[in-house]
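A closer look at the structure
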Amino acid sequence: MVIVMRADAPVKEIEKIKERLEAGNHKVSVIEGTDYCVLGIIGDTTEIDTNEIEANEYVEKVMKVQQSYKLANRMFHRDNSVIRVGDRTIGGQDLAVIAGPCSVESEDQILELAKRVKECGAGFLRGGAFKPRTSPYSFQGMKLEGLELLKLAREETGLLIVTEIMSADMIDKFVEDVDVIQVGARNMQNYELLKELGRTTKPILLKRGLSATIEELLMSAEYIMSEGNGNVILCERGIRTFETYTRNTLDISAVLAIKKLSHLPVIVDPSHAAGLWWMVEALAKASVAVGADGIMIEVHNDPANAKCDGQQSIKPERFRALMEDITAMAGSLRRII
Ligand code: PEP
Ligand code: MN
């Protein structure tokens, strides 16, 4: 961390800041320039509150050289993290395919879709049982009954199940029942929930918040990891921009940025990014091409009558075609589906 003092900063003020930092066990080196005096803080500065330093009227600016996240940071963990989920892994060479409806609607629906996506080569079944909806009057999910149906689908197909948690009081149930716990975009900054999930060992699929920066996403991952759970998978699902043609804007470069900054696996959800079913296949392929560790796709056998997100759900036939293309791509990218 570097602190640039104002040109007119009295020596006494500079000394005061230096002493304060040293009292917190930080090594400070003072560089006297012709106009400015600069303080260089060496070592771990994650706990230093830059706002507090910036509040000093003689401080021109504070620059952090190091990122605030440590456990999620590639700097301290060069190799890609590979997360074990049941008999599968996410990250490394593997390309995870998570597919299924936005929400679990009935036994027939989820069993049928689970079989179809399994036949096409998916490894994971998605399906919301607890749904975060914009309107309280919209379908809120089948809740516990939905969880039971997901378990039934797992039993019938062997697919691992991924489903969203909405509140911390369901953690024990989710740990018991599901293979990957999804934290949705709307809960990305629900820090109490993240901390509680950090006290489990379950793989957590952390989706990027609607307007969250990459750094904020990584800080949220840090919340989970700092409590002891390193099994975090990140998910780019589109962000809010001024563009209204698509539901969100898929930030495809976020995959590259996250991979540079962090060792955690990152997958892409093109369904929620685009919000338009006819874009999903191409965006899924773009995600694989750019190096995502997996994709999450909404698939529905009757999108026109889906209880949630039908407009962005592809039919099983299209999912099959997508899987064929992706399997061909995976070969040349040295990835394994
Ligand atoms: C979902 O995956 O069903 C979902 C609600 O996604 P997001 O949290 O990204 O909006
Ligand atoms: Mn959805």
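Rules behind the numbers
Residues numbered from 1 in each chain as written. Chains lettered and ligands numbered in written order. Predicted model: local features only at pLDDT ≥ 70, side-chain atom pairs only at ≥ 80, totals over all residues. Heavy atoms only, no water. Pairing = 2+ DSSP bridges. Helix = DSSP H or I, 4+ residues; strand = E, 2+ residues; numbered from the N terminus. Axes fitted to C-alpha atoms, helices over the stretch in contact; angles between N-to-C directions. Contact = heavy atoms within 4.5 Å. Buried < 20%, exposed > 50% of the residue type's maximum accessible area, 1.4 Å probe, protein only. Right-handed = clockwise from strand over helix to strand, strands pointing away. Donors = N, O, S within 2.8 Å, 3.2 Å for Na, K, Ca; no water. Phe/Tyr/Trp six-rings, centres within 6.5 Å; stacked < 30°, edge-to-face > 60°. Parallel < 35°, antiparallel > 145°, perpendicular 65-115°, else oblique. Nonpolar A, V, L, I, M, F, W, Y, C, P; charged D, E, K, R; others polar. Domains from an automatic or database assignment. Expected span 1.5 Å × (residues − 1).

**Re the sheet that holds strand E2 (residues 27–32)**
Pairing is antiparallel across the open sheet formed by four strands, whose spatial order is E2-E3-E1-E4. The open sheet terminates on both sides in strands that have one partner only, identified here as E2 and strand E4 (59–63). Within the sheet, the average angular offset between the axes of one strand and its neighbour, ignoring direction, is 20 degrees. Where strand E1 (residues 2–5) and E4 come together, four bridges link them in antiparallel fashion. Paired with Val 4 across the two strands is Lys 61, which belongs to E4. The strands touched by helix H1 (residues 11–23) are E1, E2, strand E3 (37–42) and E4; relative to E3, the strand with the most contacts, the crossing angle is about 0 degrees.

**What about the pairing of strand E9 (residues 160–165)?**
For E9, the tally of buried residues reaches six of six residues, placing the bulk of the element in the interior. Direction of pairing for strand E8 (residues 124–126) relative to E9: parallel, over a ladder of three bridges. By the bridge assignment for E9, Phe 124 is matched with Leu 160. Each parallel crossover has a hand, and the one from E8 via helix H4 (residues 143–157) to E9 is right-handed. In this sheet, strand E10 (residues 180–183) lies alongside E9 in parallel orientation, the contact comprising four bridges. Looking at E10, one finds that Glu 164 is bridged to Gln 182. At this point the chain moves from E9, through helix H5 (residues 171–177), to the parallel E10, and the crossover so formed is right-handed.

**Side note on the coordination of the manganese ion (ligand 2)**
For the manganese ion (ligand 2), the full set of protein donor atoms is Cys 102 (SG), His 272 (NE2), Glu 298 (OE) and Asp 309 (OD), and the range of their distances to it is 2.0 to 2.4 Å. The sequence motif formed by the donor residues of the manganese ion (ligand 2) is C-x169-H-x25-E-x10-D. Taken together, the residues Cys 102 in the loop between strand E7 (96–100) and helix H3 (107–120) and Asp 309 in the loop between strand E14 (294–298) and helix H11 (316–332) connect sequence positions 207 residues apart. Grouping residues by exposure puts Cys 102 and Asp 309 together as buried.

**Some thoughts on the packing of aromatic side chains**
Overall, the coordinates contain two aromatic pairs when judged by the stated rule. With a centroid separation of 4.3 Å and 20 degrees between ring planes, the pair formed by Tyr 191 and Tyr 223 is classed as stacked. Taken together, the positions of Tyr 191 in helix H6 (residues 191–198) and Tyr 223 in helix H7 (residues 214–226) put the pair 32 residues apart, joining distant regions of the chain. With relative accessibility at 30%, the residue Tyr 191 sits in the partly exposed group.

**Quick word on the packing of H6 against H7**
Remark: H6 packs on H7, axes separated minimally by 6 Å, with the N-to-C direction vectors making an angle of 40 degrees. Comparing the axis directions of H6 and H7 gives the class oblique. Residues Tyr 191, Leu 194, Lys 195, Leu 197 and Gly 198 of H6 lie in contact with H7, whose contacting residues are Ser 220, Tyr 223 and Ile 224. Grouping the amino acids of the contact of H6 with H7 by side-chain chemistry returns five nonpolar, two polar and one charged.

**Thoughts on the domain arrangement of the chain**
When cut into domains, the chain gives domain 1 (2–63) and domain 2 (83–332). Taking the mean C-alpha position of each, domain 1 and domain 2 sit 44 Å from one another.

**Thoughts on helix H10 (residues 277–290)**
Helix length check: H10 (14 residues) gives 21 Å between terminal C-alpha atoms against 20 Å at 1.5 Å per residue, within 8%. Among the residues making up H10, those that are buried are Met 279, Val 280, Glu 281, Ala 284, Ser 287 and Val 288. Structurally, H10 contributes buried residues whose contacts are with strand E13 (266–268), helix H9 (270–274), E14 and H11. Positive phi shows up at Gly 291, right after H10, with a value of about 110 degrees.

**Quick word on the sheet that holds strand E12 (residues 232–236)**
A barrel is described by the order of its strands in space; here eight strands give the closed sequence E7-E8-E9-E10-E11-E12-E13-E14, paired in parallel fashion. Across the sheet, the axes of successive neighbouring strands diverge by a mean angle of 30 degrees, strand direction being ignored. Packing against the sheet, H6 makes contact with E9, E10 and strand E11 (204–207), and its axis sits at approximately 165 degrees to E10. Together, E12 and E13 form the strand contacts of helix H8 (residues 253–261), whose direction differs from that of E13 by roughly 175 degrees.

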